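Structure at a glance
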Amino acid sequence: MSYPYLSDVVRALTGLDLPLPFATFGLLVACAMFAAASCLTAELRRLYEAGALLPGRRLVNGKPIVKPPHELVSNLTMLVMFTGIVGARLFHILENTQQFALDPWSMIFSRSGLSVFGGLIVGTLAGLVYVRRWQLPVRPMLDAVAPAMMLGYAIGRLGCQISGDGDWGIAANMALKPDWLPTWFWAQTYENNIYGEVIAAPGVYPTPVYESAMALACFALLWALRRHPFRTGWLFSLYLLLAGVERLLIEQIRVNPPYSFAGMHATQAELIAAAMIVAGIVGLVLLGRRNAAPAGAQAPQT
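This one's a predicted model, so the numbers in the text were calculated from it and none came from an experiment.

Considerations on the overall build of the chain
- Across its full length, the chain holds ten helices and four strands.
- Each helix (α) and strand (β) of the chain, taken in turn from the N terminus, gives the series α-α-β-β-α-α-α-α-α-α-α-β-β-α.
- Across the 302 residues of the chain, 47% fall into the buried class.
- Within the chain, residue pairs in contact and separated by at least 24 positions form 71% of the contacts whose partners lie at least 6 positions apart.
- For the chain, the accessible surface area stands at approximately 15,400 Å², while carbon and sulfur atoms represent 69% of it.

The structure is reproduced here in structure tokens:
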């Protein structure tokens, strides 16, 4: 069962039919941003107090403004959120050009249809511009944000699951389901989904559930390794590898339009995930040398 709006959740829990037209996906995205911002704030404060990060500096009306990095998180979060939404919509349009050509306006202003990777790429680029404007070092900031990004992704995917926004998988093969596994974890029909699409029983793979579970596990790993002894940028490289592998795996049971080129067929997400994996491996190899300083105070900013 899906609950596209807050009124659907209230009705299911209490039986009351209240006019609450707030999209559950949007509410979960807000929760994801809040959780990610809290996580990033805590990590930046730790690094700042350990001497691993200096304050951010910029000129405003000719006057120097100096702020500890953790005090910049709220503005950074808002910037990443809004630019990420634009990027998510843009990449979704690029993934569905034929549908866009038929009805562009409904696709632009639809409440559904967002590419997570599009939001990730555009939001990250906007965040990097903001970081450089405050003269903060890029690699330590990317390391700090890596666990937060994974946590936000895990919570955001729960929004996809609850609202039934189309991010489900292909038809589930019930013959492969282990007897001990609950049916809901293997196949769902997403009744009352936001698209109004009817899915035949037994249903499709609930891929948002799988992604949330994998992302939470990746977050736990990144958080545990945030005091690593390697050079700055190593943790973000690990994030790229984990995020790429997670998405590449899930794409094997996801419904996404493929691109065709040179006799090969791959979805947009598969191509981006493959690039992330390569970049992550290269980063891990190049930055895997130990720092001279202890991990808690990751020496020089670079």
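Here we look at helix 6 (residues 116–133)
- Counted at 1.5 Å a residue, the expected span for helix 6 with its 18 residues is 26 Å, and the 26 Å between its end C-alpha atoms agrees.
- Regarding helix 6, the residues found buried are Phe117, Gly118, Gly119, Gly123, Ala126, Gly127, Tyr130 and Val131.

Quick look at the confidence of the model for the chain
- Averaged over every residue, the pLDDT of the chain is 88; residues scoring 70 or more account for 89%.
- Every residue in residues 294–300 scores below 50 in pLDDT, and together they form 15 contacts with partners more than four places removed in sequence or on other chains.

Description of the side chain of His70
- Take His70: it is sitting in the loop between strand 2 (63–67) and helix 3 (73–95).
- The residues contacting His70, other than those within four sequence positions of it, are Thr41, Leu44, Arg45 and Tyr48.

Looking at the packing of aromatic side chains
- Inspection of every chain in the model, using the stated rule, returns seven aromatic pairs.
- Seen in terms of ring centroids, Trp184 and Phe185 are 5.5 Å apart; in terms of plane orientation they differ by 90 degrees. Their pairing is edge-to-face.
- Phe185 gets classed as partly exposed once you look at its relative accessible area, which sits at 25%.
- Here the aromatic residues Trp184, Phe185 and Tyr210 are joined through ring pairs into a cluster of three or more.

Considering unusual backbone geometry
- Look at the link from Ala201 to Pro202: it is a cis peptide, with omega at 5 degrees.
- By the secondary structure assignment, Pro202 is in the loop between helix 7 (138–163) and helix 8 (207–224).

Some thoughts on a nonpolar patch on the surface
- On the surface, Val278, Ile281, Val282, Val285 and Leu286 cluster together into a nonpolar patch covering about 470 Å² of accessible area.
- One can find Ile281 in helix 10 (residues 268–286).
- Judged by its relative accessible area of 42%, Ile281 is partly exposed.

Examining helix 9 (residues 234–250)
- Spanning 17 residues, helix 9 covers 25 Å between terminal C-alpha atoms, matching the ideal 24 Å at 1.5 Å per step.
- Counting buried positions along helix 9 gives 14 out of 17 residues, so the element sits mostly inside the fold.

Comments concerning the pattern of salt bridges
- Overall, the coordinates contain nine salt bridges when judged by the stated rule.
- The partner of Glu211 in a salt bridge is Arg157, with the nearest N and O atoms 3.0 Å apart. Pair noted here: Glu211 is in helix 8 and Arg157 is in helix 7, with a separation of 54 residues, a long-range link. Both residues of the pair, Glu211 and Arg157, belong to the buried class.
- As a salt-bridge pair, Glu251 and Arg247 come within 3.0 Å of each other at their nearest N and O atoms. No difference in accessibility class separates Glu251 from Arg247, as the two residues are buried.
- Via salt bridges that share partners, Arg157, Asp167, Glu211 and Arg254 belong to a single interconnected network.

Conventions used here
Residues numbered from 1 in each chain as written. Predicted model: local features only at pLDDT ≥ 70, side-chain atom pairs only at ≥ 80, totals over all residues. Heavy atoms only, no water. Helix = DSSP H or I, 4+ residues; strand = E, 2+ residues; numbered from the N terminus. Buried < 20%, exposed > 50% of the residue type's maximum accessible area, 1.4 Å probe, protein only. Contact = heavy atoms within 4.5 Å. Areas by Shrake-Rupley, 256 points an atom, 1.4 Å probe, with all protein chains shown as cover. Expected span 1.5 Å × (residues − 1). pLDDT = per-residue confidence, 0-100. Phe/Tyr/Trp six-rings, centres within 6.5 Å; stacked < 30°, edge-to-face > 60°. Patch = residues over 30% accessible without salt bridge, like charges linked within 9 Å, V, L, I, M, F, W, Y side chains within 5 Å. Salt bridge = Lys/Arg side-chain N within 4 Å of Asp/Glu carboxyl O.

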